[in-house]
Amino acid sequence: MAPRRPASWAALRPFSAVIRIPDAVMIYEAAIGEDFPVAETDEAARLRRRDPAALAAVVDRYQHRLYRYLLRLVHEPAAADDLFQQTWLHAAGQIHRYDPRRSFDTWLFAIAHNAAMDLLRRRPGESLDDPDRGPQWAATEPDALAAAIASERSAILAAEMAGLPAVYREALTLRFEEGMKIEEIAEVTHAPLSTVKSRVQRGLECLRQNMAARWRKEDLL
Amino acid sequence: MTPHETTRPLLALSAAGLLDADGERRVREHIRECPECAAALAGLAALAAGLSAMPSRAPSAALLARTQARVAAQLAARRDRISGTVLAVAGCGCGWVVSLAMWGAWDALGGNPALLIWLEFSAVLAGLTAAVVVRRRRRIERSLR
Amino acid sequence: MSPAFPQQNRVIPIGAWITAGSLFAVAFLVLNLTIPGHVSPPIQFLLTIVVPVAAAAYAVLVGYIYGDAKRRGMRYVMWTLLAIFLSNGIGVILYFILRDPLPGYCSACGSRMHPGYAYCPRCGSNMLPACGNCRRVSQPGWSNCAYCGTKL
């Protein structure tokens, strides 16, 4: 019985094409990433077998969406970088627990959610609970014009999002930027459906209220 | 509660596309009469549209490379551990068979207590080597931290 | 520029294969000449096959240890001798428990490096999450650096 030649080095060879440094890019664009669900049973099987090439491909495919989600939650690129690496290492270690019949997205984002929540919990000033009372309903003048301007100033929107409580931020990001259904968001955040719905609703109202309050001070013209 | 108050929470849900047909109908009926809620709904809908189109920063290519390298290293380490375990067990088995054969041969040729002494000595030597190597490794790791 | 990966050299030196082959032949001949008549045929068959195979396999394993220890930068002569002379395969087990990890590669320049370093010794690019102040590796769950105390 002869000892097997270790495959580890041969397995690293495909990465010689992947590991190089193009320039860092900053992208200003809408929802990134066509999402090919890992529905091809072939790829899911290769992932479970811990095929390094399959894992590298998946890391590449989900990088933008995952990074965007993490950045929305923690704001700082340095923290998002760390969480990004942490999430993937954890996913690679737990890949045998991934059920190929279910969505890879929700599984991956659930891991990212846990890692991000751990970080936020340790930050002073970030509360992870749902705020007790929903936002006050602000009776505003018809602000259709202001609303139209809002969608133009999407950079301001991003800044406003940062001011929301973490749970609202997350719910809005998953719902609108990732386009996830309520059931998927519930899986990712380990929260009941009704809670998720209420977070989206209150988050949106809170955002609107914050923006309306800000513009009452500013001169719109 | 007035219809105004009951439909108010539904407005945000409608803007987020989370209402069923019944809820949508109620909202539409209400905003026909109430300009305030109509404006609010328009605002919320614009917000929702804006949220789907926010700019975002891409991860740097260096981050991607680093992450892929770490994942690959983790996989390689795991495979290394497994192959090491298998080879260790195989080595143990083969070594055992060879030792038994040698013992049998030695026994058939007359026997000699020196073999027993050698076995004891080798076990002690193994323990000493292990202690030295582990100490050295721990020192290296401590200097790396 | 892709990193230069070393050729997948043979880990097991040719000498080990030659030794294994000769050990097999010798053991086979010796056993065939001495055993018949002393034990019953089934056991005889077992002995004349199993023991030479085990001896040859052991020789190949020792050769593997030689090559593997070399590529990991360990003291390969010491480990080879230990593997040969410690009985019952103790040397082999010891080696596999105590061996160094495989060298890692810098994701930027591709040079070989110890996997635990925070920065590549060749090109200086960041490999692992590190403290901003003292530049040492920081573990995932830390809020403050355990070496210099700065907030991470």
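Residues numbered from 1 in each chain as written. Chains lettered and ligands numbered in written order. Predicted model: local features only at pLDDT ≥ 70, side-chain atom pairs only at ≥ 80, totals over all residues.

(A) Helix 5 (residues 77–93) of chain A, seen in detail. Taking 1.5 Å of rise per residue, the 17 residues of helix 5 of chain A would be expected to cover 24 Å, and the 24 Å separating its terminal C-alpha atoms lies within 8% of that figure. For helix 5 of chain A, the complete set of buried residues consists of Ala80, Asp81, Asp82, Leu83, Phe84, Gln86, Thr87, Trp88, Ala91 and Ala92 of chain A. In this structure, the buried side of helix 5 of chain A is in contact with helix 4 (52–74) and helix 6 (104–121) of chain A together with helix 4 (61–108) of chain B. (Helix = DSSP H or I, 4+ residues; strand = E, 2+ residues; numbered from the N terminus. Expected span 1.5 Å × (residues − 1). Buried ≥ 20, exposed ≤ 12 C-beta atoms within 10 Å, placed from the backbone. Contact = placed C-beta atoms within 7 Å.)

(B) Examining the interface of chain B and chain C more closely. Chain B puts 30 residues into the contact, and the matching count from chain C is 31 residues. When contributions to the side of chain B that touches chain C are tallied by element, the ones reaching two or more residues are helix 4 and helix 5 (113–144) of chain B. The dominant element in the side of chain B that touches chain C, judged by the number of residues it contributes, is helix 4 of chain B, at 20 residues. Of the residues assigned to the side of chain B that touches chain C, the class counts are 22 nonpolar, 6 polar and 2 charged. (Nonpolar A, V, L, I, M, F, W, Y, C, P; charged D, E, K, R; others polar.)

(C) Quick look at the packing of helix 4 of chain B against helix 2 (residues 41–71) of chain C. Where helix 4 of chain B meets helix 2 of chain C, the axes come as close as 9 Å, and the angle between the chain directions of the two elements is 130°. Relative to helix 2 of chain C, the element helix 4 of chain B is oriented oblique. As helix 4 of chain B packs across helix 2 of chain C, the resulting crossing turns out to be left-handed. Within the contact between the two elements, helix 4 of chain B uses Leu87, Gly91, Cys94, Gly95, Val97, Val98 and Ala101 of chain B and helix 2 of chain C uses Val50, Val51, Ala54, Ala55, Ala57, Tyr58 and Leu61 of chain C. A per-class count over the contact of helix 4 of chain B with helix 2 of chain C returns 12 nonpolar, 2 polar and no charged. (Axes fitted to C-alpha atoms, helices over the stretch in contact; angles between N-to-C directions. Parallel < 35°, antiparallel > 145°, perpendicular 65-115°, else oblique. Left-handed = near helix turned anticlockwise from the far one by under 90°.)

(D) Representation of the nonpolar core within the structure. Formed by 74 residues in total, the largest nonpolar core has its most connected members in Leu70, Leu83, Leu108, Ala112 and Leu204 of chain A together with Leu44 of chain B. If you tally residues by element for this core, the top one is helix 4 of chain A, at 12 residues. In this view, Leu44 of chain B contacts Leu204 and Arg208 of chain A together with Leu11, Ala12 and Ala15 of chain B; residues no more than four positions away in its chain are not counted. One finds Val98 of chain B together with Ala27, Val51 and Tyr64 of chain C within the second-largest nonpolar core, a separate group that totals 32 residues. (Core = buried A, V, L, I, M, F, W, Y, C linked by C-beta atoms within 7 Å.)

(E) Highlighting the confidence of the model for chain C. Residue and element names in this part refer to chain C. Averaged over every residue, the pLDDT of chain C is 82; the share at 70 or more is 93%. Low pLDDT, under 50, characterises residues 1–7; the predicted model gives this stretch 14 contacts beyond four residues in sequence or across chains. Two numbers describe this predicted complex: its pTM, 0.76, and its ipTM, 0.75. (pLDDT = per-residue confidence, 0-100.)

(F) Structural detail: the packing of helix 4 of chain A against helix 9 (residues 166–177) of chain A. Residues and elements named next belong to chain A. Running from N to C, helix 4 and helix 9 point in directions that differ by 155°, and their axes come no closer than 9 Å. One element, helix 4, and the other, helix 9, form an angle in the roughly antiparallel class. The hand of the helix 4/helix 9 crossing is right-handed. The segment helix 4 lies against helix 9, with Arg68, Tyr69, Arg72 and Leu73 engaging Ala166, Arg169, Glu170, Thr173 and Glu177. Tallied by class, residues from the contact of helix 4 with helix 9 come to 3 nonpolar, 1 polar and 5 charged.

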